[in-house]
Amino acid sequence: MEKDSALYQLMDTLMHSVMNGIVSSDREYQAILRKSDVYSGELERMDLSKEIRLLIDRYVSEQNALGSRFGMLAYLLGFSDCKAMFLGKCLPTEAKEMNTEL
């Protein structure tokens, strides 16, 4: 999808503004965040070498990027499906037949 498309710009705006409010009040998200903080503390206490900490950080960062990108693509796909449905390009067969009868 083109990054300058209206859909991509809408997704970008919603992901970077509206989502902050949503995740701050979502209990499941907050529980995951707290659990992540526990693991972070455990890693800190292990007194790992700088090289190992950097490797772990890079790995976790890439895993986070994968999850984030997957979520954004799923959002775009869902929104594109809704757009197509509202424009009549993806209506169920029964609804299409009703439109041709009008």
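Up top is the structure.
Quick word on the overall build of the protein
Of the regular secondary structure elements, the protein holds four helices and zero strands. Along its sequence from the N terminus, the protein presents helices and strands in the succession α-α-α-α. Looking at the 102 residues of the protein, the share that counts as buried comes to 7%. Carbon and sulfur atoms make up 59% of the accessible area of the protein, which amounts to about 8900 Å² in all.

Let's talk about unusual backbone geometry
Positive phi values are uncommon outside glycine, yet D47 reaches one of about 50°. As for its position among the elements, D47 is in the loop between α2 (27–45) and α3 (50–86). What makes D47 exposed here is its relative accessible area of 69%.

Let's talk about the packing of aromatic side chains
Remark: the centre distance and the inter-plane angle together describe each pair of aromatic rings, the angle taken between the planes. Within the structure shown, the criterion is met by one aromatic pair. Summarising the aromatic geometry, the rings of Y75 and F79 are spaced 6.1 Å apart at their centres and angled 25° between planes, so their arrangement reads as stacked. With Y75 and F79 both in helix α3 and four residues apart, this pair spans about one turn of that helix. What makes F79 partly exposed here is its relative accessible area of 34%.

Examining the layout of surface pockets
In this structure, the largest pocket occupies an estimated 360 Å³ of space. What lines the largest pocket is a set of 13 residues, and nearest its centre among them are S40, L43, I56, D57 and V60. Of all elements in the fold, only α2 and α3 reach the threshold of two or more residues within the lining of the largest pocket. Per-element accounting of the lining of the largest pocket gives the leading share, seven residues, to α3.

Remarks on helix α1 (residues 6–25)
Between its first and last C-alpha atoms α1 spans 28 Å; for 20 residues at 1.5 Å apiece the expected length is 28 Å, and the two agree. Of all the bends in α1, the greatest measures close to 45° and is centred on M19. Of the positions making up α1, those classed as buried are L7, Y8, M11 and V23. As for α1, its buried residues are in contact with α2 and α3.

Each value, and the rule that gives it
Residues numbered from 1 in each chain as written. Predicted model: local features only at pLDDT ≥ 70, side-chain atom pairs only at ≥ 80, totals over all residues. Heavy atoms only, no water. Helix = DSSP H or I, 4+ residues; strand = E, 2+ residues; numbered from the N terminus. Buried < 20%, exposed > 50% of the residue type's maximum accessible area, 1.4 Å probe, protein only. Areas by Shrake-Rupley, 256 points an atom, 1.4 Å probe, with all protein chains shown as cover. Phe/Tyr/Trp six-rings, centres within 6.5 Å; stacked < 30°, edge-to-face > 60°. 1 Å grid on protein atoms, 1.4 Å probe; cavity = no way out; pocket = protein on both sides within 12 Å on 5 of 7 lines; lining within 4 Å. Points joined across faces, edges and corners; volume = space filled by probe spheres on them. Expected span 1.5 Å × (residues − 1). Bend = angle between axes of the 7 residues up to and from the residue. Contact = heavy atoms within 4.5 Å.

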